[in-house]
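# Chain and residue survey
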Amino acid sequence: MKKVCHLSSVHHRYDTRILLKECASLFKNGYQVHLVVADGKGYENYKGIEIHDVGKSKRRLNRFFKTTKEVLKKGLELDADIYHFHDAELMPSGIKLMKMGKKVIYDTHEDLPRQLMSKHYINYFLRKPISILIEWYEDYAAKKFSFIITATPHIQQRFSKLNKSSLDINNYPLLSELNTEATDWESKKNEVCYIGSITQIRGLEEVIDAMENLDDIRLNLAGSFSPQSFKENLESRKGWDKTNFLGQINRDEVKRVLRESQVGIVTFLPFGNHTHSQPNKLFEYMAQGIPLVASNFDLWKAIIEKVDCGICINPKDPKAISEAIQTLLNDKNKAKEMGENGRNAVLSTYNWESEEKKLLQLYGELI
């Protein structure tokens, strides 16, 4: 049985893409799978996948210089046939593994140089120099790895010029999480939802302001704030009075919220790599059969308008957001039709099972 080892110094152990999709798919198809993380929760055998913990670092700089070394050390102890890492800060570790004759995959989830331009914890004047430096090093390192996996076609376009062994494996939802029952639209509440990281660049100020213009409609807001001080910003807005803040919720609770809500909101602002991203929640809303109110980015519009599963608006305009929500809630037949269109599109095209085949073929070639 071939042994594979996934490495992450940043992501938590239950990361959907890493554990629930990639690791689970490999285990299901006969690989011995190990996952090394740094979350401080200790060892765990998760449905046959062995999770090894090197401990959580309290400071970001310690994570860069100490945690990455611990992740590499644990990975080497496991002596895997293939190493598959998920964080840019592990690129030096990936190069060391290549020099030792190992087969190494770099799985890049984001367009990191562009993403760094919107990081609140980096000094504004340092963002561009750091972004340029990271892009230079990522370009240098990418040429050395056995394979590059990217989460979107846009990121793959960049890496395909650096390493011919590159492939996009999209973060589409699992069919096992698809809403298998017909959506009972009459039992839904007068609610809409946003589920995910709660940050300024994801347009939450504008969403909360939009709620102020809506009568008898509430927003289900689930996720964690980054930074925590952003919560005070949203709480000070009038639309917060129409918000049910749920905090961080598990996947079963996510499904419950989606069953009860009539619209899923994903109105990221055009910062960093947002305009070329394919957020999980866009497809998860579709999978659960609810229509979207989404940002009018070209990539998103191409998907949403082709499928006819929602309304695209200017994410900076609270009035446009509230009008789109009101339009969908006023016409339940149209909302239901859009929801079914999205669900059918996930069933036929935008699902993990179609991407899993690419992952397994890639591993087969490396083995």
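The text that follows walks through the structure, step by step, so that each part is easy to find. As the structure is a computational prediction, the values presented were derived from the model and not from experiment.

## Topic: the nonpolar core
In terms of nonpolar packing, the biggest core is built from 58 residues, with Val-192, Leu-219, Tyr-285, Met-286 and Tyr-350 touching the most fellow members. At six residues, helix H12 (residues 318-330) tops the list of elements feeding residues into this core. With residues near it in sequence (within four places) discarded, Leu-219 still touches Val-192, Cys-193, Tyr-194, Val-207, Ile-208, Met-211, Lys-242, Thr-243, Asn-244 and Ile-265. Leu-19, Val-33, Ile-105 and Ile-169 belong to the second largest nonpolar core, which has 24 residues in total.

## Here's the deal with the pattern of salt bridges
For the coordinates displayed, the defined rule picks out 21 salt bridges. Note that Arg-13 and Glu-44 form a salt bridge whose closest N and O atoms lie 3.1 Å from each other. Separated by 31 residues along the polypeptide, Arg-13 in the loop between strand S1 (3-7) and helix H1 (16-28) and Glu-44 in strand S3 (residues 44-46) bring together distant segments of the chain. Residue class for Glu-44 comes out partly exposed when judged on its relative accessible area of 21%. Note that Arg-251 is salt-bridged to Glu-284, the shortest N-O span being 3.6 Å. Here the residue Arg-251 occupies a position in helix H9 (residues 251-260), and Glu-284 occupies one in helix H10 (residues 280-287), the gap between them amounting to 33 residues. You can call Arg-251 partly exposed: its relative accessible area is 29%.

## As for the pairing of strand S7 (residues 147-150)
The side-chain alternation of S7 yields two buried faces, one formed by Phe-147 and Ile-149 and the other by Ile-148 and Thr-150. With four bridges connecting them, strand S6 (residues 103-108) and S7 associate as parallel partners. From the neighbouring strand, Thr-108 faces S7, where its bridge partner is Thr-150. Bridge count between S7 and strand S8 (residues 166-168): three bridges; the pairing is parallel. Paired with Ile-148 across the two strands is Ser-166, which belongs to S8.

## What to know about the sheet that holds S8
Taken in spatial order, the eight strands of this open sheet run S3-S4-S2-S1-S5-S6-S7-S8, and their pairing is mixed. At either margin of the open sheet sits one strand with a lone partner, and together these are S3 and S8. For this sheet the average axis-to-axis angle between neighbouring strands, irrespective of direction, equals 20°.

## Focus on the sheet that holds strand S11 (residues 243-247)
Read from one edge to the other, the open sheet built from six strands follows the order S11-S10-S9-S12-S13-S14, with strand pairing classed as parallel. A single partner strand is all that each edge strand has here, and the edge strands are S11 and strand S14 (310-313). Geometrically, the sheet is characterised by an average inter-axis angle of 20° between neighbouring strands, direction not taken into account. In this sheet, strand S10 (residues 218-222) lies alongside strand S9 (residues 191-195) in parallel orientation, the contact comprising five bridges. The residue of S10 that forms the bridge with Cys-193 is Asn-220.

## Here we look at the packing of H1 against helix H14 (residues 352-366)
Packing of H1 against H14 leaves a shortest axis separation of 10 Å and a crossing angle of 65°. The two elements H1 and H14 meet at a crossing, and its hand is right-handed. Contact with H1, carried on its side by Lys-21, Glu-22, Ser-25, Leu-26 and Lys-28, involves Trp-352, Glu-356, Leu-359, Leu-360 and Tyr-363 of H14 and no other residues of that element. Residue classes in the contact of H1 with H14 are distributed as five nonpolar, one polar and four charged.

## Observations concerning H1
Taking 1.5 Å as the rise per residue, H1 with 13 residues should run 18 Å; its terminal C-alpha atoms sit only 16 Å apart, a clear shortfall. Taken across its 13 residues, H1 has ten buried, putting it largely inside the fold. Taken residue by residue, H1 has Thr-16, Arg-17, Ile-18, Leu-19, Leu-20, Lys-21, Glu-22, Cys-23, Ser-25 and Leu-26 as its buried positions. Put simply, Asp-15 is the residue that caps the front of H1, since its side-chain oxygen is 3.1 Å from the backbone nitrogen of Arg-17.

Criteria and cut-off values
- Residues numbered from 1 in each chain as written.
- Predicted model: local features only at pLDDT ≥ 70, side-chain atom pairs only at ≥ 80, totals over all residues.
- Heavy atoms only, no water.
- Core = buried A, V, L, I, M, F, W, Y, C linked by side-chain atoms within 4.5 Å.
- Buried < 20%, exposed > 50% of the residue type's maximum accessible area, 1.4 Å probe, protein only.
- Helix = DSSP H or I, 4+ residues; strand = E, 2+ residues; numbered from the N terminus.
- Contact = heavy atoms within 4.5 Å.
- Salt bridge = Lys/Arg side-chain N within 4 Å of Asp/Glu carboxyl O.
- Pairing = 2+ DSSP bridges.
- Axes fitted to C-alpha atoms, helices over the stretch in contact; angles between N-to-C directions.
- Left-handed = near helix turned anticlockwise from the far one by under 90°.
- Nonpolar A, V, L, I, M, F, W, Y, C, P; charged D, E, K, R; others polar.
- Expected span 1.5 Å × (residues − 1).
- Polar contact = N/O pair within 3.5 Å; in protein donor to acceptor, adjacent residues only side chain to side chain.

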